[in-house]
Amino acid sequence: MSTCSAVSWDLDEPLAGTAPAARTWLLLEQPGPWGAKALTSSHLDPALGRALDAAAKGTGVRIALIRRPGRHADRGTPDARRVYAAHTVPGNVWLHGTTLDDPRRLLDLDFAALGRGDHHAFDSVLDGGPHQGDPLALVCTNGKRDRCCALLGRPLAAEVAASGAEGVWEVTHLGGHRFSPTVLVLPHGYVYGRVQAHTVKEILHRAHEGRIVVEGCRGNSAWERPGQAAELALRSAVAEDAAQALTVVRTDGAAPRWEVTLAHRDGRHWRVTVVQGASAPARPESCGASVLGSPARMEVTAVRELPVPAAALAS
């Protein structure tokens, strides 16, 4: 039986506009095995997992569990856990970290403030501070969500970590199993699919310089999917790779057609038309799905630079 990632690859399904949407990521180290819904089916207290999920709902914060690459046998509860928070909206991109003895302290966070990009909400409560190391590469490896994430993600995470790259973690769920192996890079929030180890190292090198690799990119998690597709198309059109150069100003319309207005930090504006289509033929969208589906695909049909007066009005 073919895997969902093999079918997606064979069909050359486009990657742009498929990243998970989250303005802020909150990452908690949790070794050991993970279930399909890791917050409530891992060695983390399920009551705490449910409370964290409820606290983050509607705030723009997405919570995920992370662990170091390698074997995941039960080694008991760790004495200290690494925690990261990252905000991915251009103009206010940051990555902060801390170490916790008791993960229940996460419930003291102001999740609404975190979602708005206020890092003081993290630092003051958890004694956090700016991350001083390399960018983070978070490789989706949760085989309980989809076997492709385990079969393809775990070897990738292990290979990149063994090469000496720092900041490599396994993460519970990024969505888009059919694009495995899939990787989230922080602080800038760009997500990649169908990546190989040498690709991840290049992506991390560029991220360290404040730049992104457009090839293989699924989108920036700061934006909803039409904005992700529009931004990547514009980057290709104007050859722009600076991570914080472009901002989605507004998105007008609704499925299946949107008009996305983007601004460059130099003052230029564009309007990008994005149309939603369906990927054919119908097939399971993940290895665990029992029904056939036609995944939505974002197609950019026009990129138009706006004259300065219209641009000023659009902003």
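S.K.: What is the right way to look at the nonpolar core in this model?
M.R.: Considering soluble globular proteins, one finds that nonpolar side chains tend to be buried as a cluster. Core analysis: the largest hydrophobic core is formed by 24 residues, its most contacted members being L26, I63, L106, L109, F111, L114 and F122. Excluding residues that lie within four positions of it along the chain, L106 makes contacts with L28, L52, V83, L100, F111 and L126. Counting 21 residues, the second largest nonpolar core, distinct from the first, contains A137, L156, V168 and A197.

S.K.: I would appreciate a short explanation of helix α6 (residues 197-208) in the present structure.
M.R.: It helps to recall that an α-helix has 3.6 residues per turn; residues three or four apart then point in one direction. Over its twelve residues, α6 runs 17 Å from end to end, which matches the ideal 16 Å to within 8%, given 1.5 Å per residue. Burial in α6 covers these residues: A197, V200, I203, L204 and A207. Projected down its long axis, α6 shows its buried positions confined to an angular sector of 120 degrees, all on one face. G210 sits one or two residues past α6 and shows a positive phi near 80 degrees.

S.K.: It is not clear to me how unusual backbone geometry should be interpreted in this structure. Could you clarify?
M.R.: Excluding glycine, most residues fall at negative phi; most peptide bonds, likewise, are trans. Residue L186 is joined to P187 through a cis peptide bond whose omega torsion reads 25 degrees. Mapping P187 onto the fold places it in the loop between β8 (183-186) and β9 (190-192). Positive phi values are uncommon outside glycine, yet R194 reaches one of about 55 degrees. Its location among the elements puts R194 in the loop between β9 and α6. With a relative accessible area of 18%, R194 lands in the buried category. The backbone of A239 shows a phi angle near 55 degrees, a positive value even though the residue is not glycine. Counting through the fold element by element, A239 comes out in the loop between α7 (225-238) and β11 (246-254).

S.K.: What exactly am I supposed to notice about the pairing of strand β6 (residues 136-140) here?
M.R.: Side-chain positions along a regular strand alternate between the two faces of the sheet. Of all the five residues making up β6, five are buried; the element is thus mostly covered by neighbouring parts of the structure. What you see with β6 is no split at all: L136, L138 and C140 on one side and A137 and V139 on the other are buried throughout. As paired strands, β6 and β8 are joined by four bridges and run antiparallel to one another. When the sheet's bridge partners are listed, L136 is paired in β8 with L186. One ladder, built from four bridges, connects β6 with strand β7 (residues 168-171); its direction is parallel. Across the sheet, the residue bridging to A137 is V168, located in β7.

S.K.: Which parts of the structure should I look at to understand the sheet that holds β11?
M.R.: Hydrogen bonds between backbone groups are what pair the strands of a sheet, and the pairing can be parallel or antiparallel. Judged by pairing direction, the sheet is antiparallel, and its four strands sit side by side in the order β11-β12-β13-β14 without closing on themselves. Two strands bound the open sheet, and with one partner strand each, they are β11 and β14 (296-305). Within this sheet the neighbouring strands show an average axis-to-axis angle of 25 degrees, counted without direction. Alignment of strand β13 (residues 269-278) against β14, held across nine bridges, turns out to be antiparallel. By the bridge assignment, G277 is partnered in β14 with R297.

S.K.: Would you take a moment to explain the side chain of T59 for this structure?
M.R.: For T59, the location among the structural elements is in the loop between α2 (46-56) and β2 (61-67). In this structure the side chain of T59 is engaged in a polar contact, spanning 3.2 Å, whose partner is the backbone nitrogen of V61. For T59, the residues in contact, after removing those within four places along its chain, are R23, F111, A112 and G115.

S.K.: Would you mind going over the sheet that holds strand β3 (residues 81-87) with me for this structure?
M.R.: Reading across the sheet, the ten strands line up as β5-β4-β3-β1-β2-β7-β6-β8-β9-β10 and stay open at both edges, with mixed pairing between neighbours. The open sheet terminates on both sides in strands that have one partner only, identified here as β5 (129-130) and β10 (217-220). Where β2 lies against β7, two bridges are found, and the strand directions are antiparallel. Counterpart to R67 in the pairing with β7 is E170. Across the sheet, α7 lies against β9 and β10, angled at about 110 degrees from β10, the strand it touches most.

S.K.: Sorry, what's going on with empty space enclosed by the protein here?
M.R.: The method is simple in principle: a probe with the dimensions of a water molecule rolls over the atoms, and the space it marks as empty is what remains. Tallying each qualifying case throughout the model produces one cavity of 30 Å³ or more. Taken as a whole, the largest cavity encloses approximately 50 Å³ of empty space. Considering the residues around the largest cavity, the lining is formed by V185, H188, G189, Y190, Y192, I203, A207, R211 and I212. Elements with a minimum of two residues in the lining of the largest cavity: β9 and α6. In terms of residue class, the lining of the largest cavity is made up of six nonpolar, two polar and one charged.

Cut-offs and rules
Within each chain, residue numbers correspond to sequence positions counted from 1 in written order. Only residues with pLDDT of 70 or above have their local features reported here, since the model is predicted, and side-chain atom pairs are shown and tallied only from 80 upward, although totals for entire chains, interfaces and linings are computed over all residues. Side-chain metrics rest on all non-hydrogen atoms present in the structure, leaving aside hydrogens and water. Throughout, nonpolar core names a set of buried Ala, Val, Leu, Ile, Met, Phe, Trp, Tyr and Cys residues whose side chains join them through atoms within 4.5 Å. Note on classification: 1.4 Å probe, protein chains only; a residue is buried when its accessible area is under 20% of the maximum for its type, exposed when over 50%, partly exposed between these limits. Contact between two residues is taken to exist if any of their heavy atoms lie within 4.5 Å; hydrogens are not considered. A run of DSSP states H or I qualifies as a helix once it reaches four residues; a run of E qualifies as a strand once it reaches two. Both are numbered from the N-terminal end. Every helix has an expected span of 1.5 Å times one less than the residues it contains. To obtain the arc, one takes the directions from the helix axis to the C-beta atoms. Criterion used throughout: strands pair if DSSP finds at least two bridges between them. Helix axes are fitted to C-alpha atoms over the stretch in contact, other axes to C-alpha atoms as well, and angles between N-to-C directions run from 0 to 180 degrees. We define a polar contact as two N or O atoms separated by no more than 3.5 Å, with the added condition that, inside protein, one atom must be a possible hydrogen donor and the other a possible acceptor, whereas residues neighbouring each other in sequence contribute only through side-chain atom pairs. Points on a 1 Å grid, built from protein atoms alone, make a cavity when a 1.4 Å probe fits but cannot get out and make a pocket when they are open with protein on both sides within 12 Å along at least 5 of 7 lines; residues with an atom within 4 Å of a point are the lining residues. Grid points are joined across faces, edges and corners, and a volume is the space filled by probe spheres set on the points. Under the grouping applied here, Gly and all other residues not named as nonpolar or charged are polar, the nonpolar ones being Ala, Val, Leu, Ile, Met, Phe, Trp, Tyr, Cys and Pro and the charged ones Asp, Glu, Lys and Arg.

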